[in-house]
Amino acid sequence: MVPFDFTYHRPSSIEEAVRLFERLHKQGKTPLYYGGGTEIITLSRLNLAFADAVIDIKHIPECCVLRIEQNELTLGAALSLTSIEEANPFPLLTKTASEVADRTARNQITLGGNVCGQIFYRETVLPLLLADCHVVIAGKDGLKQRSIHEVFQQRMRLEHGEFLVQVKIDLSYVSLPHAHTKRRKQGKVGYPLVTVAAIKKDERLHVAFSGVCPFPFRSKTVEEQLNARHLPIETRISRALQYLPKPILNDTEGSVEYRLFVLMNALSDILIPLEEG
Amino acid sequence: MIKCEILLTVNEESHSIIARQADTLLFVLRNQLGLTGAKPGCLNGDCGACTVLVDKTPIKSCMMLAIEAAEKPITTIEGLCDTPIQRAFIEQFAFQCGYCTPGFLINAYALTKQHPDADDETIQEWLESNICRCTSYQEIEQAVKSVLAKKHEND
Amino acid sequence: MIGKSVIRKEAWDKVTGRAKYTHDYFEVGMLHAKLVTSPYAHARIREIHTEKAGSVPGVRAIVTGEGLPLTGEDLRDRPPIAFDKVRYHGEVVAVVVADTLVQAEKAANLIHVAYEPLPSVGSPREALQEGAPLIHENLANYQKGKYSYPEPGTNIAHRTKIRKGNMEKGWAESDVVIEASFAFAPSDHAALEIRCATAEIRQDGTIVIIASSQAPFMIKRLIGEYFGEDVGKVIVHTPLVGGAYGGKAPVQLELLAYLASKAVGGRKVSVWNTREQDMITSPVHIGMEATVKIGCTADGYIKAAEILFLFDGGAYSDKAIDVTRAAAVDCTGPYHIENVWCDSLCVYTNHPYASPFRSFGHCEQAFAIERTIDLLAEKLNIDKLELRMKNAIRPGHTTPTQVVLNRSNVGNLPACIARLRELIQWDEWQRIEINSRTVRAKGVSCGWKTSTIDTDASSGAILTFNPDGSVNLISGVVEIGTGTKTVLAQILSEKLKMDIDDIHVKMDIDTQTTPEHWKTVSSRGTFMAGRAVLSAADDAIRQLKAIAACVLRASAEDLEVGYGKVFLRDDPSIYVPIKDIVYGYKYPNGNAIGGQLIGRGHYILRHLTPLDKETGAGKPGPEWTVCAHAVEIEFDKRDYTYQIIKAASVIDIGKVLNRRAALGQVMGAMSMGLSFASRETFLFDRYERILNAQLRTYRPIRFGEHPEYMVEFIETPQIDAPYGARGVGEHGLIGMPAALANALSVAAEVPLNELPLFPELIWRTKEGKQYGSI
């Protein structure tokens, strides 16, 4: 139950979507781009989100693309997580996506919605960060392509009126050795205590995290510590933990101390085989 | 209030309804079409009691706007008639209060249709989307597996 | 018919979406209410500004708490809408009534309440400390039931005392004494159907309520009592209920629906919680702190038990008083202990108020008792099942409230323990290391429960007949999912020797036409309503025979009823079909005798007495069901995570009436117990606000997380129960938390005396307290 009214718009092109946003905004409205809608509906119930117009991007062809072409994987932002899992073009992304919420919910949750969401776990961004992907963003000046590292700092830094259209992943990344683990407070469905994803590229580990801090991240300093191969892995992990961004979450999922304990084990579980593999 | 006409095709019947554009599919199914089989359990996408099929895909109807489902085939529990999964739920005592049952059944129905060879992992991946508070889930597991097994017998 | 796995009568309705629950009855013109609730756990209400909200289009009324009578079943301490102050996070402070739910919600968001926060109380022990904030300053002046003993000037709503034997003697005879403390916070029932109610007040003063409730007849009574309405003018309808587990026994939203309807001139108003409100605004599963001290001889015979239960009744006592009393009644667990001291307190805190939760105080107290028994066994170095077997309650023993037991009223716990021992292969191993990280362990527990319900609780049944000779069975038991109405049909089918398909069951309750069944709680449906149905069947049989005696020109004593006929016992070829006499018998010449046949029956519990205030002596319930449980887990010693591999229950059910239904009740209860024990709790901040009132963050067990369930029954008949069957709806739950905690304590090699058993709790307990709390 959405306790306020909005108009629903279904543009069929990027340009139309952007124009709509601008027009609605000029009319004094608060439009939101709308993907799977699960987060908007969830948060509006609790008065944590508001819109008086929603622009559904699921009918924009570019947002629904799943294509491999010229050594590049393109994923539309409006693809549902389960459709990506089933096509499985990027096995690490499949793993990460398949641990988000539950399957029925993932039939609705979109890649773009998860990456750009307010709920701060945004776990599907982890493989994207690891794969140094590029994102295609639509705005009033048309399309632009940027490195994810440029645009995603803790959250997607989209300008007013912009939306995520696609992510583009260099194919050389998708088949790299990888690992993923999601540790929860208890049970198999729910938010993470910690989620860690990693790939090995040119003998270097790329590692990204969710659930540790109130934002997902990949940190150069953390990776440097973890890649200091002259040291035993336990030492590297405990050093890496010193360089985590702040704050470490201390919430209903778990205390700071316990999170770090779980993180330490999670890291050794996925990094040792990856390194040896 | 921002209302509009929405064309819905539910259980192979077309309906034209007037609803708020912000109304969820669940709300419209129940309050406008009288299809109260899909149940409100949390209105937050967490429990699965409101699961329906949209384009043959299980969807939590509390998390989808009615207007999003316009022109797509929708199947609710009322659209299932004497299917093997319904019979199996009865035979295996796979429900008690019955409140989560429509959502569970719709999801299990889609699972058995789309994955007649579903292994334990797939069954769990699908069915962990729904909460049942009365049974132990073992009964539901038996019901689903009995339908999958019969499919194989028929092959 | 008895013992057969008859499918439930409403099965097809439930698999086709046709089954209707309260909120499925939508009516054009019905108004909708939205509850405005407190963001504070304890605060004075300074002002409530409703002007802005009142001007929202469609708003018809805003109801606040001024001038309303206090409510509460045992102690009238609760305003239906908070007035002057709020005592828990989520308490209702106003009700907005509007044409649509969206309008009501918009308006509710515009109500501004000025609060002045007060210091809050977060646990029973905190509430009992000197100088703790008083939650009910006016406790001395509340209207109370004869058997509620509030202690004014404190936060104690009620204290039940059990004094049995001689404690000094008990300690003197004990070679070994063990003492331990236990704790868990309130949690939730989380029935999938959110609580809801509608009310309408007609021009002639008739009040019509539709409610998702386990206690429609109590709603009727209480609306009469609280608001001075003629009880005969209150009609309560209860259709199918989507899960209850005790959480729908209290009367809450119904009162709000009534008040809301009154505020709009009697128009029909629907009050419907959100899930979030359902979790914290409506009553919750009680929390508890406890200390248990047990003394026993060197060879393992328990001689003394000193037990302190501090229940977290929350902000209002309501049904919590009863729950805490029930825990005291069976405080020792199913063990023979001659010297018992127990204080069971219902303590006020600034938490949501408590209601019954499946097992009614028993899974809670069993957690404390059965953990202590395990600790005792470890100290004595005695096998844990052996210790339980040695002390198992048996005929001839007395209960903590000094009821003398016999085979009929207590069944056979030793048989349950013995069967459990085999079932789980206890003697093969109890803890094994699979590898350096993984260990498997088994934990066991026992349980018992009687049903502490009102001493004059009764149940009625009516049978009417159809022209084809089939029967309509009308009972006041609510179909909350337990399948009781189908079991009643089986009982009737057996008694009338009639095909089960010829017995039609009225599923919904209408208090105007349905005979009363006290409340659908406490595993009492089959026993009490079953007895009522048997009595109604006897009544119908007597009438059938009387008419048939005329028709067949035979003495009624020579007749039998069965197979749709009344026939001569020694020559069944001489008979009259039932269908020919249930609406009177018509002779060939047109003359008629007899008339419409209506069977009526009732049952009232016998010889129950209230507990003595000082000693607890008294007979609280008719019979005990005993049970033994086990849980097998696989534990990861490095991560502190675990899987529940197997769960077993052996229950003395008296007699199995419907095998699959009984298994379902037990397995479902076990699942609920394991879910509670492993993951369910409200999490509070330091101001006692709840942080996880959503199913997204409060996460019950899901498909695939379930263990393998093993359930077996022992059948020691309860002589005066229908076909000997004992209540069994709750017993699967009783020992689950304790058995899980016992298994994990063995696996982790550390005593785990808190719930729920999150891996973090085990980690913190094992690694030491230096890490603080969650």
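Note that the coordinates shown come from a computational prediction; the quantities given were computed from them, not determined experimentally.

**Concerning the UniProt feature "domain: FAD-binding PCMH-type" (unreviewed entry) in chain A**
Piece 1. When the UniProt feature table is mapped onto this chain, "domain: FAD-binding PCMH-type" (unreviewed entry) is found at residues 1-174 of chain A.
Piece 2. Note that residues 1-174 of chain A is 34% helix and 25% strand, and that its end C-alpha atoms are spaced 40 Å apart.

**Things to note about the environment of Leu260(A)**
Residue and element names in this part refer to chain A.
Piece 1. When you line up the elements, Leu260 lands in helix 12 (residues 256-276).
Piece 2. Residue Leu260 is classed as partly exposed on the basis of its relative accessible area of 25%.
Piece 3. Taking the C-alpha atoms as reference points, Leu260 and Ile270, ten residues apart in sequence, are found 15 Å from one another.
Piece 4. Those residues in contact with Leu260 that sit more than four places away from it in its chain are Leu241, Leu244 and Ile248.

**Considering a negative patch on the surface**
All names here are of chain C.
Piece 1. A grouping of Asp468, Asp499, Asp501 and Asp502 is seen on the molecular surface, where their side chains present a negatively charged patch.
Piece 2. Residue placement: Asp501 occurs in the loop between helix 14 (484-496) and strand 22 (503-505).
Piece 3. Exposure remark for Asp501: the relative accessible area of 56% places this residue in the exposed category.

**Some details on the domain arrangement of chain B**
Residue and element names in this part refer to chain B.
Piece 1. Each assigned domain of chain B is listed with its residue range as follows: domain 1 (3-78) and domain 2 (80-154).
Piece 2. Each of domain 1 and domain 2 has a C-alpha centre, and these two points are 22 Å apart.
Piece 3. Contacts between the two partners involve 17 residues from domain 1, matched on the other side by 15 residues from domain 2.
Piece 4. Across the domain 1/domain 2 interface, buried area totals approximately 1,200 Å², and carbon plus sulfur atoms make up 64% of it.
Piece 5. Joining domain 1 to domain 2, the criterion identifies zero salt bridges.
Piece 6. Counting residues per element, the side of domain 1 that touches domain 2 draws most heavily on strand 3 (residues 51-54), at three residues.
Piece 7. Within the side of domain 1 that touches domain 2, the residues separate by chemical class into seven nonpolar, five polar and five charged.

**Here's the deal with the nonpolar core**
Piece 1. Phe89(B) and Ile633(C) are the most contacted members of the largest nonpolar core, which has 296 residues in total.
Piece 2. The leading source of residues in this core is helix 15 (residues 525-552) of chain C, at 16 residues.
Piece 3. The next biggest cluster of nonpolar side chains, apart from the first, holds 43 residues, and it includes Val2(A), Phe6(A), Leu43(B) and Val52(B).

**Quick notes on the pattern of salt bridges**
When charged atoms on two side chains of opposite charge get close, those side chains can pair.
Piece 1. Scanning the model with the defined rule gives 88 salt bridges over all chains in all.
Piece 2. The salt bridge involving Glu125(B) is made with Arg103(A); its shortest N-O contact spans 3.3 Å. With one member in each of two chains, Glu125(B) in helix 4 (residues 120-127) and Arg103(A) in helix 5 (residues 103-106) form a pair that bridges those chains.
Piece 3. Note that Arg44(C) is salt-bridged to Asp84(C), the shortest N-O span being 3.2 Å. Highlighted residues: Arg44(C) in strand 2 (residues 43-49) and Asp84(C) in the loop between strand 3 (59-64) and strand 4 (85-86), separated in sequence by 40 residues.

**Re the interface of chain A and chain B**
Piece 1. Residue-level contacts link 29 residues of chain A with 28 residues of chain B.
Piece 2. Summing the contributions of chain A and of chain B, the shared interface buries around 2,500 Å²; its carbon and sulfur component is 51%.
Piece 3. Of all residues in chain A, Met1(A), Arg103(A) and Thr104(A) give up the largest surface area on contact with chain B, accounting jointly for 23% of the area buried on that side.
Piece 4. Between the two partners, chain A and chain B, sit five salt bridges.
Piece 5. Taking the shortest distance from any N to any O, the salt bridge between Arg20(B) and Asp5(A) comes out at 2.8 Å.
Piece 6. Viewed at the interface, chain B and chain A are joined by 18 residue pairs in polar contact (both at pLDDT 80 or more).
Piece 7. If you list the elements that add at least two residues to the side of chain A that touches chain B, you get strand 1 (7-9), helix 2 (38-45), strand 3 (53-56) and helix 5 of chain A.

**A word on helix 18 (residues 736-748) of chain C**
Piece 1. Taking 1.5 Å per residue as the helical rise, helix 18 of chain C with its 13 residues ought to reach 18 Å, and the 18 Å between its terminal C-alpha atoms agrees with that figure.
Piece 2. Burial runs high along helix 18 of chain C: 13 of the 13 residues are buried.

**Side note on the sheet that holds strand 21 (residues 471-475) of chain C**
Strand pairs in the sheet, formed through backbone hydrogen bonds, run parallel or antiparallel to each other.
Residues and elements named next belong to chain C.
Piece 1. Across the sheet, four strands lie side by side as 22-21-20-29; this open sheet has mixed pairing. On the outer flanks of this sheet lie strand 22 and strand 29 (598-604), each paired with one strand and no other. Across the sheet, the mean angle from the axis of one strand to that of its neighbour is 20 degrees, orientation sign disregarded.
Piece 2. The strands touched by helix 14 within the sheet are strand 20 (458-465), strand 21 and strand 22, with strand 21 carrying the most contacts at an inclination of about 130 degrees.
Piece 3. On the sheet, helix 15 packs against strand 20, strand 21 and strand 29 and is oriented at approximately 145 degrees with respect to strand 29.

**What about the packing of aromatic side chains?**
Piece 1. By the definition in use, this model includes 33 aromatic pairs over all chains.
Piece 2. Taking 6.1 Å as the distance between ring centres and 65 degrees as the angle between the ring planes, the aromatic pair formed by Phe215(A) and Phe217(A) counts as edge-to-face.
Piece 3. The buried category is assigned to Phe215(A), whose relative accessible area is 6%.
Piece 4. On the numbers, 6.0 Å between centres and 85 degrees between planes, the contact of Tyr316(C) with Tyr353(C) is edge-to-face. Linking Tyr316(C) in the loop between strand 15 (302-314) and helix 9 (320-329) with Tyr353(C) in the loop between strand 16 (339-348) and strand 17 (354-355), this pair joins segments that are 37 residues apart in sequence. The same class applies to Tyr316(C) and to Tyr353(C), which are both buried.
Piece 5. Among the aromatic residues, those joined into a ring-pair cluster are Tyr258(A), Phe261(A), Phe635(C), Tyr640(C) and Trp763(C).
Piece 6. The cationic tip of Lys565(C) hangs over the ring face of Tyr575(C); the distance from NZ or CZ to the ring centre is 4.7 Å.

**Points about the interface of chain B and chain C**
Piece 1. Listed by partner, the interface residues are 50 residues for chain B and 58 residues for chain C.
Piece 2. Its largest share of buried area at the contact with chain C, chain B owes to Phe93(B), Gln96(B) and Arg133(B), together 19% of the area lost on that side.
Piece 3. Where chain B meets chain C, there are four salt bridges.
Piece 4. Across the pair Arg30(B) and Asp24(C) runs a salt bridge, and its minimum N-O distance is 2.7 Å.
Piece 5. Linking chain B to chain C there are 24 residue pairs in polar contact (both at pLDDT 80 or more).
Piece 6. Among the residues forming the side of chain B that touches chain C, the class breakdown is 21 nonpolar, 17 polar and twelve charged.

Calculation criteria
- Residues numbered from 1 in each chain as written.
- Chains lettered and ligands numbered in written order.
- Predicted model: local features only at pLDDT ≥ 70, side-chain atom pairs only at ≥ 80, totals over all residues.
- Heavy atoms only, no water.
- UniProt positions renumbered as here; feature names shortened; annotations may be inferred.
- Helix = DSSP H or I, 4+ residues; strand = E, 2+ residues; numbered from the N terminus.
- Buried < 20%, exposed > 50% of the residue type's maximum accessible area, 1.4 Å probe, protein only.
- Contact = heavy atoms within 4.5 Å.
- Patch = residues over 30% accessible without salt bridge, like charges linked within 9 Å, V, L, I, M, F, W, Y side chains within 5 Å.
- Areas by Shrake-Rupley, 256 points an atom, 1.4 Å probe, with all protein chains shown as cover.
- Salt bridge = Lys/Arg side-chain N within 4 Å of Asp/Glu carboxyl O.
- Lys, Arg positive; Asp, Glu negative; His and termini not counted.
- Charge placed at Lys NZ, Arg CZ, Asp CG, Glu CD.
- Domains from an automatic or database assignment.
- Buried area = accessible area lost by both parts, 1.4 Å probe.
- Nonpolar A, V, L, I, M, F, W, Y, C, P; charged D, E, K, R; others polar.
- Core = buried A, V, L, I, M, F, W, Y, C linked by side-chain atoms within 4.5 Å.
- Polar contact = N/O pair within 3.5 Å; in protein donor to acceptor, adjacent residues only side chain to side chain.
- Expected span 1.5 Å × (residues − 1).
- Pairing = 2+ DSSP bridges.
- Axes fitted to C-alpha atoms, helices over the stretch in contact; angles between N-to-C directions.
- Phe/Tyr/Trp six-rings, centres within 6.5 Å; stacked < 30°, edge-to-face > 60°.
- Lys NZ or Arg CZ within 6 Å of the ring centre and 35° of its normal.

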